[in-house]
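Residues per chain, in single letters:
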Amino acid sequence: GIQVEQSPPDLILQEGANSTLRCNFSDSVNNLQWFHQNPWGQLINLFYIPSGTKQNGRLSATTVATERYSLLYISSSQTTDSGVYFCAVGNFGNEKLTFGTGTRLTIIP
Amino acid sequence: DVKVTQSSRYLVKRTGEKVFLECVQDMDHENMFWYRQDPGLGLRLIYFSYDVKMKEKGDIPEGYSVSREKKERFSLILESASTNQTSMYLCASSLSNTGELFFGEGSRLTVL
């Protein structure tokens, strides 16, 4: 099956800093999503981004499908950005997504 | 906004008990999923369903069964709970044409 690697596994930043999270995958995909899991366990869908670039406020994501990676950018971090960020990939016709092991982001006031 | 609602946030059960976890979505999504999440193991798919009365095994179906009698509702059943089923259980749903996945708040199950 598809292998998904996320880096870094842990990231600690001061409030206001910018960060880049990376997701590498081992095979071609046409479904890639980024999620944020808050400290209470809720997973929120941030982006559906199988290719290209999208922006939503302080967050943006870029997927380069031909090179099998995706990047999540967080600018001007806030403490509410803390949590675990997951990348998940898959292909249509196969409804199962494969999740990475996540990046734990901690924003210090 | 898509709403996926799980019936219980926290449950404590005894070994051998039958456990039902209920999930309801309000956006007419075809696909529904049950995952479990454990430290160091990430999210693992237990079962999914792409239509009423249809189900497919995920990566770790052993010890679980599911039921989908109505499009909006997907139930996970632990016939005889065991301590190794202590975990966070996450329900999700998606539309078939996009695959964009939406999760419920999770149900943290402890089996004593």
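Just above sits the structure.
Residues numbered from 1 in each chain as written. Chains lettered and ligands numbered in written order. Predicted model: local features only at pLDDT ≥ 70, side-chain atom pairs only at ≥ 80, totals over all residues. Heavy atoms only, no water.

Participant: What should I look at first to understand the overall build of chain A in this one?
Facilitator: Within chain A, the regular secondary structure consists of zero helices and eleven strands. Of the regular secondary structure in chain A, the N- to C-terminal order runs β-β-β-β-β-β-β-β-β-β-β. For chain A, the C-alpha radius of gyration of 13 Å lies close to 13 Å, the compact-globule estimate for 109 residues. Sequence-distant contacts, at least 24 apart, represent 55% of the contacts inside chain A between residues at least 6 apart. Approximately 5,200 Å² of chain A is accessible, and the part contributed by carbon and sulfur atoms is 48%. Of the charged side chains in chain A, 6 are positive and 7 negative; the average position of the first set lies 3 Å away from that of the second. (Helix = DSSP H or I, 4+ residues; strand = E, 2+ residues; numbered from the N terminus. Rg over C-alpha atoms; globule rule 2.2 N^0.38 Å. Contact = heavy atoms within 4.5 Å. Areas by Shrake-Rupley, 256 points an atom, 1.4 Å probe, with all protein chains shown as cover. Lys, Arg positive; Asp, Glu negative; His and termini not counted. Charge placed at Lys NZ, Arg CZ, Asp CG, Glu CD.)

Participant: Sorry, what's going on with the sheet that holds strand 8 (residues 73-78) of chain B here?
Facilitator: Hydrogen bonding along the main chain pairs the strands of a sheet, whether they run parallel or antiparallel. All names here are of chain B. Read across the open sheet, the four strands follow the order 1-3-8-7; overall the sheet is antiparallel. This sheet does not close on itself; its edge strands, each paired only once, are strand 1 (4-6) and strand 7 (65-70). Neighbour-to-neighbour, the strand axes of this sheet turn through a mean angle of 20°, independent of strand direction. Direction of pairing for strand 3 (residues 19-25) relative to strand 8: antiparallel, over a ladder of six bridges. Within the sheet, the bridge partner assigned to F20 lies in strand 8 and is I77. (Pairing = 2+ DSSP bridges. Axes fitted to C-alpha atoms, helices over the stretch in contact; angles between N-to-C directions.)

Participant: Hey, could you run me through the packing of aromatic side chains in this one?
Facilitator: In this description, an aromatic ring pair is defined by two values, namely the gap between the centres and the angle between the planes. Evaluation of the coordinates by the stated rule reveals nine aromatic pairs over all chains. Ring plane angle 70° and centroid distance 6.2 Å describe the contact between F99 of chain A and F103 of chain B, whose orientation is recorded as edge-to-face. Taken as a pair, F99 of chain A in strand 10 (residues 94-99) and F103 of chain B in strand 10 (residues 101-103) lie in two separate chains rather than in one. Residue F99 of chain A shares its accessibility class with F103 of chain B, and that shared class is buried. Ring centres of Y64 of chain B and Y89 of chain B lie 5.9 Å apart, and the angle between their planes is 65°; this geometry places the pair in the edge-to-face category. Highlighted residues: Y64 of chain B in the loop between strand 6 (56-57) and strand 7 and Y89 of chain B in strand 9 (residues 87-94), separated in sequence by 25 residues. The exposure classification of Y64 of chain B matches that of Y89 of chain B, with both residues buried. (Phe/Tyr/Trp six-rings, centres within 6.5 Å; stacked < 30°, edge-to-face > 60°. Buried < 20%, exposed > 50% of the residue type's maximum accessible area, 1.4 Å probe, protein only.)

Participant: What's the story with the sheet that holds strand 7 (residues 59-64) of chain A in this structure? I'm lost.
Facilitator: All names here are of chain A. Ordered in space as 1-3-8-7-6, the five strands form an open sheet in which the pairing is antiparallel. Whereas interior strands pair on both sides, the edge strands pair on one side only; in this sheet they are strand 1 (4-7) and strand 6 (52-56). Within this sheet the neighbouring strands show an average axis-to-axis angle of 15°, counted without direction.

Participant: Whenever I open this one, the state of the cysteines confuses me. Can you help?
Facilitator: Think of a disulfide as a covalent bridge from one cysteine sulfur atom to another cysteine sulfur atom. Overall, the coordinates contain two disulfides over all chains when judged by the stated rule. Across a sulfur-sulfur distance of 2.0 Å, C23 of chain A and C87 of chain A are joined as a disulfide pair. Between C23 of chain A and C87 of chain A, the disulfide has an S-S torsion of -50° and is therefore left-handed. Residue C23 of chain A is located in strand 3 (residues 19-25), and its partner C87 of chain A is located in strand 9 (residues 83-91); the two are separated by 64 residues in the primary sequence. Here C23 of chain A matches C87 of chain A in class, with each residue buried. Across a sulfur-sulfur distance of 1.9 Å, C23 of chain B and C91 of chain B are joined as a disulfide pair. Because the sign of the S-S torsion sets the handedness, a value of about -80° for the bond joining C23 of chain B and C91 of chain B places this disulfide among the left-handed ones. Linking C23 of chain B in strand 3 with C91 of chain B in strand 9, this pair joins segments that are 68 residues apart in sequence. (Disulfide = S-S within 2.5 Å.)

Participant: When you look at the interface of chain B and chain A in this model, what are you seeing that I'm missing?
Facilitator: Contact with chain B, which involves 21 residues of that partner, is made by 16 residues of chain A. Counting the surface lost from both chain B and chain A, the interface buries some 1,600 Å², and carbon and sulfur atoms represent 57% of this. It is L43, L101 and F103 of chain B in chain B that bury the most area against chain A; as a group they hold 26% of the surface buried on that side. On the surface where chain B and chain A come into contact, there are zero salt bridges. (Buried area = accessible area lost by both parts, 1.4 Å probe. Salt bridge = Lys/Arg side-chain N within 4 Å of Asp/Glu carboxyl O.)

Participant: What am I meant to see in the environment of K54 of chain A here?
Facilitator: Residue and element names in this part refer to chain A. By secondary structure assignment, the location of K54 is in strand 6. When its relative accessible area of 37% is taken as the criterion, K54 is described as partly exposed. For K54 and L72, which are 18 residues apart along the polypeptide, the C-alpha to C-alpha distance reads 9.8 Å. Those residues within four positions of K54 in sequence are excluded, and the remaining contacts are F47, Y48, I49, L59, S60 and A61.

The values are spatial; any link to function lies outside them.
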